[in-house]
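What the coordinates show
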Amino acid sequence: MCGIAGHTHVRRSVSSGVLTEAVGAIRHRGPDQRGIFRTAHVSLGATRLRIQDLTGGDQPFHSADGNATVVFNGEIYNQRELRTELEAMGRVFRTHCDTEVVLEAYLAWGEECFARLRGMFAIAIWSEPERRLVLARDRMGIKPLYVCEHRGELYFGSELKCIFADPDIPRRMDLNGLNCYLSLNYVPGPWTLVEGIRKLMPGHMLEWHRGVATQRPYVEVAQRGQEPRTMEEACEELDGLMRKAVSEQLVSDVPLGVWLSGGLDSSALTHYASQVYPGKLKTFSITFRGRSFDEGQYIRSVSRHFGTDHTELDLNEDSNLADVIGEMPYYSDEPSADAGAVPVWYLAAMSRRDVTVALSGEGADELFGGYLTYQADRYNRGFSMLPRRLRATALKAARRLPASDEKIGFDYKLQRFLQGSLLSPDVAHVFWNGTFSEQEKRGLFAYANAAPMWHVVSQMAPGRGFERYLDFDQRYSLPDGLLYKVDRMSMAHAVEVRPPFLDERIVEFSARLPARFKISGRETKVVLRRLMQNTLPAAILRRPKTGFDIPVHDWLRGVLRPLLLDTLHESAVGESGLFHWPVLKCLLNEHLERKANWGYHLWGLLTLMLWMRRWKVEAPATTPMTAADPEEYLAALSLPCQAASYSAPIS
């Protein structure tokens, strides 16, 4: 596992200090080794976290003739198969690392090699004779890769800060990205929050040749294979695939463990890992003792069941939260509006004391239908048949419910569902996992524009219903929300996290499953539950999904209140030039006075402002698209805090 960075310098000179700073900025991703390579046309750099072949494979890595150089972030799980095939073709290897396999595969098969790689990766390969730079990102977007074309040169890096290393590149807010961030809680690719910087999309490659950059997918859309005929057949196939994926991803020359949440996904991984791992498997967990959503009893039952060497940390109000949240903007790279980043930070820090690699359950919900939103999509089909006026009246009544301190209380879920029922089905799907609606943004955000979100929603596959929502979440919320969060928080502590559920064979299998094998009535992830029914404790199979998150509503009223008010105050909001203070002040008052739960909305704004301040990102130099009219918007949003009270003091 590593971090990579680089840039071309064909049309203009770039200071050599730019790459040095870029590589230094991501040293947390690879504390074991750093290297830089420069020619007259390109500069490449890498930091390395040694996982396999600890004495070989330092980067940048060069071909035997010196004509090609690679920097590589990730793991290739089928490297032994590829190595054997390449050796049969006459290729000679000098190390046992997968970095050399990547380079030799490219030299043998060209761009076709990327489709052969099974794993997670971000790759940059320079061919000196051709003056050609090729970038590629794994097909699920597990590993990040940012790119920027500036004054005829191409910059790239594992994190935004690699590109920020050149002071000549502007740091101006991208309004498309920000409009989506405020709605979705993440920035969907290829956008970022900085103008001119883009994400290379999953499953895509970029070729830069003599000053011209072109992007394209390196894998074709596969034809859907034959569906399993019975549940027994599906379980048998999934069992074989899980065994293969977990076995391959347990290969490591450094200590390894499993992140165990007590839910179905991580418990299933623990089962497969415990069968293969030599010795006693280490597991790591975060608990929330005394909270209704604490998973401690389930975590410990799974640990006892499989006899793991277990370590856990209780995350509570005495956990130095404000200092950690203040530190996260450096590593987050873009603000994480998912408050689950906080427990992931603590989990990674705890794990690093004992292991360097951890298996985790990301992707199972998006593949097999594990989120509550998929059930909400189904319930909404019938509910939306009711007269709109009746649904709007029900929403007004639900907003009178007392605001609870639960992480996701009944009041919050009911209000979100009813609010989503007034939207189109596609918009409702993304709204249920997001925060601000377009109407809410028009009142709060000076540059509110519905077009970016309409563009994103339009990327859903043709047709209707459940399967297209799964596909959308796999292409957007998975790489840009969940995997992004895990990558940044784990790499901040130099921990490599591997998600076996995202093995391409399991992804392809899930695409062939009929919907009834994923959701049936109130049961989610049906095939995985049936597979595990005689393997895991019964309580694990019966319990609903909890989600890995902090009690953000409560903590913003309590232990994090000083940080919230020190960050979202009138002066800072005014200087940002982005938000209408009277409306934001109303949201703060409503939340702090327990009249409404705006915790997730405020968390997204808090992390955004902390990030802008840390990286000195400026508001766009364009005229705001909406005018501040607090009285009108507060009334339209049916907020209890209206007209006369929106200017009430925050205390």
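Let me begin by describing the structure that accompanies this report. (Residues numbered from 1 in each chain as written. Predicted model: local features only at pLDDT ≥ 70, side-chain atom pairs only at ≥ 80, totals over all residues. Heavy atoms only, no water.)

Side note on the sheet that holds strand E9 (residues 153–157)
Taken in spatial order, the 6 strands line up as E2-E3-E1-E9-E8-E10 in an open sheet, and their pairing is antiparallel. The sheet is open, and its two borders are formed by strand E2 (33–38) and strand E10 (197–199), each paired with just one other strand. Across the sheet, the mean angle from the axis of one strand to that of its neighbour is 15°, orientation sign disregarded. Summarising the sheet, strand E8 (residues 146–150) and E9 pair through 5 bridges and their orientation is antiparallel. Within the sheet, the bridge partner assigned to Tyr146 lies in E9 and is Gly157. Where helix H1 (residues 16–25) meets the sheet, it contacts strand E1 (2–8), E2 and strand E3 (42–48), and its direction lies at approximately 155° from that of E2. (Pairing = 2+ DSSP bridges. Helix = DSSP H or I, 4+ residues; strand = E, 2+ residues; numbered from the N terminus. Axes fitted to C-alpha atoms, helices over the stretch in contact; angles between N-to-C directions. Contact = heavy atoms within 4.5 Å.)

So, the pattern of salt bridges
Inspection of every chain in the model, using the stated rule, returns 53 salt bridges. A salt bridge links Glu295 to Arg543, with the nearest nitrogen and oxygen atoms 2.9 Å apart. You can see Glu295 sitting in the loop between strand E14 (282–287) and helix H9 (296–306) and its partner Arg543 sitting in the loop between helix H23 (538–542) and helix H24 (552–557), a full 248 residues away along the chain. This pair shows no difference in class: Glu295 is buried, exactly as Arg543 is. (Salt bridge = Lys/Arg side-chain N within 4 Å of Asp/Glu carboxyl O. Buried < 20%, exposed > 50% of the residue type's maximum accessible area, 1.4 Å probe, protein only.)

Observations concerning the environment of Arg416
Relative to the helices and strands, Arg416 resides in helix H15 (residues 410–421). Assessed through its relative accessible area of 6%, Arg416 is described here as buried. For the pair formed by Arg416 and Arg543, sequence separation is 127 residues and the distance between their alpha carbons is 22 Å. Setting aside anything within four residues of it in sequence, one finds Arg416 in contact with Phe431, Trp432, Gly434, Thr435 and His601.

Re the packing of aromatic side chains
Geometry of an aromatic ring pair is reported as the spacing of the ring centres plus the angle between the planes. In this structure the tally under the stated criterion is 16 aromatic pairs. Between Phe114 and Tyr218, the aromatic rings sit 5.9 Å apart at their centres with planes inclined by 55°, giving tilted as the arrangement. Of the two residues, Phe114 sits in helix H4 (residues 113–116) while Tyr218 sits in the loop between strand E12 (212–217) and helix H7 (231–249), which places them 104 residues apart along the sequence. For Phe114, a relative accessible area of 0% translates into the label buried. (Phe/Tyr/Trp six-rings, centres within 6.5 Å; stacked < 30°, edge-to-face > 60°.)

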